[in-house]
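Summary of the model geometry
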Amino acid sequence: QPLRLVEYVRGRAPTDKAKRLRAMARHEVVLSAGAVMTPKLLLLSGVGEAAKLRRLGITLVYDNPAVGRGLADGVYAIMQWATRKRNFFKCRLGTQAEEDQPHADYCAQQRAMYAAGHRSNSSLGSPGMSVGAFLRSPYAKGPEPDLQLTVHPWDKFSRPWSKRLVGVASMEIANNHPASRGWVELRSSRFTDPPLFAGPYLRDANDSRPLQWAMRQVRRIAGLEPMAQVVQEEILPGKHAVSDAQLFDAIACGPAQFRTLGRPACDRSELPVNHLAGTARLGDPSDPRAVVDRYLRVIGVHGLRVADASVMPAPPSGNTHATCVMIGERAAQFIIDERQSRRRS
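These numbers come from a predicted model, not from an experiment. (Residues numbered from 1 in each chain as written. Predicted model: local features only at pLDDT ≥ 70, side-chain atom pairs only at ≥ 80, totals over all residues. Heavy atoms only, no water.)

1. Section: the overall build of the protein
- Tallying secondary structure elements over the protein gives 7 helices and 14 strands in all.
- Going through the 345 residues of the protein one by one, you find that 42% of them count as buried.
- Of the contacts formed within the protein by residues at least 6 apart in sequence, a portion of 61% connects residues at least 24 apart.
- Side chains of the protein carry 48 positive and 32 negative charges; the gap between the two charge centres is 4 Å. (Helix = DSSP H or I, 4+ residues; strand = E, 2+ residues; numbered from the N terminus. Buried < 20%, exposed > 50% of the residue type's maximum accessible area, 1.4 Å probe, protein only. Contact = heavy atoms within 4.5 Å. Lys, Arg positive; Asp, Glu negative; His and termini not counted. Charge placed at Lys NZ, Arg CZ, Asp CG, Glu CD.)

Set out below in structure tokens:
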């Protein structure tokens, strides 16, 4: 069925009573709302599992139970060290933040430089990342690295440490190839309601094994020169966390030393890598897991494509941004090629 009518509302926080406007596409619609909102919009538009859509009173356009399934994301392990040297300090764009005060003059200078367009010379033009690395663990399936390490030369998480520290360095270790999968579903037929979200984090406990291996490797490196001159002690998860069970607990539930400070007994807020993908999977139309074909066209619907991370059959070995850019490039080329082919015929 053709699906070329786009219904939308105006405003930053519209309600169900907002005036609905309509736009008609002459040729086709490209949906690029990300791995959570793309399946939500497909489901609201009647593309999804028939029985569930009917229960919500949504008119069925095409029955495809794969919409919203296969949600993938990396999972983090966090490590932190007390260092013998001071932290980098942070400057922020906009009005001066309180944390800028000890360095107000420097931060004002950096903001002025950034605002004047000299962004490559301003500290505000940097992502603030000093070093990163990719590792292939013994648990990797295939030749690609499954682990991504990102070092931040400050206390990224602003934790309330029990003693004053000269400096803190933080590391995020991401398992970018987890086996766990989650899903996205509709909460209701109202567009204002957020979807139901079942995160894919450690549903398969084996996803922690590459992280445990990496944590041990990083500990070994931190004890070597010249790192040993900078690192004073490991403060997260701490040298007490040695066994598989202790490392798994640190990964799955966050810092043990902060659980008595009003935080949940198992705080999972630091698990997501936020490389969400896979909820409108690309594949052959005969594949029951596929939502779009190899030209990014939504299977069973004419005039609709998806171009974002939701089409990835599996997440990449690193950040998703560059891959999303190329998905957009390919979608554009597919549209151009098909248009030119129709003109020639």
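Anyway, onward from the coordinates.
2. Digging into the state of the cysteines
- Considering all chains together, one arrives at 1 disulfide under this definition.
- Paired by a disulfide, Cys 253 and Cys 266 hold their sulfur atoms 2.0 Å apart. Given an S-S torsion of about -80 degrees, the disulfide between Cys 253 and Cys 266 has left-handed geometry. Within this pair, whereas Cys 253 is found in helix H6 (residues 244–253), its partner Cys 266 is found in the loop between H6 and strand S14 (304–306), the two being separated by 13 residues in sequence.
- Looking at Cys 266, the relative accessible area reads 34%, which means it is partly exposed. (Disulfide = S-S within 2.5 Å.)

3. Re the environment of Arg 203
- Note on placement: Arg 203 falls in the loop between strand S12 (196–198) and helix H4 (209–222).
- With sequence-adjacent residues up to four places away left out, Arg 203 is seen in contact with Ser 180, Arg 181, Gly 182 and Ala 198.
- Among the polar contacts made by the side chain of Arg 203, one reaches the main-chain carbonyl oxygen of Gly 199 at a distance of 2.7 Å. (Polar contact = N/O pair within 3.5 Å; in protein donor to acceptor, adjacent residues only side chain to side chain.)

4. Some details on the side chain of Ser 170
- Counting through the fold element by element, Ser 170 comes out in strand S10 (residues 167–175).
- Take Ser 170: its relative accessible area is 1%, and that puts it in the buried class.
- Side-chain polar atoms of Ser 170 contact the backbone oxygen of Trp 154, separated by 2.7 Å.
- Setting aside anything within four residues of it in sequence, one finds Ser 170 in contact with Met 79, Gln 80, Thr 150, Val 151, His 152, Trp 154, Asp 155, Lys 156 and Phe 157.

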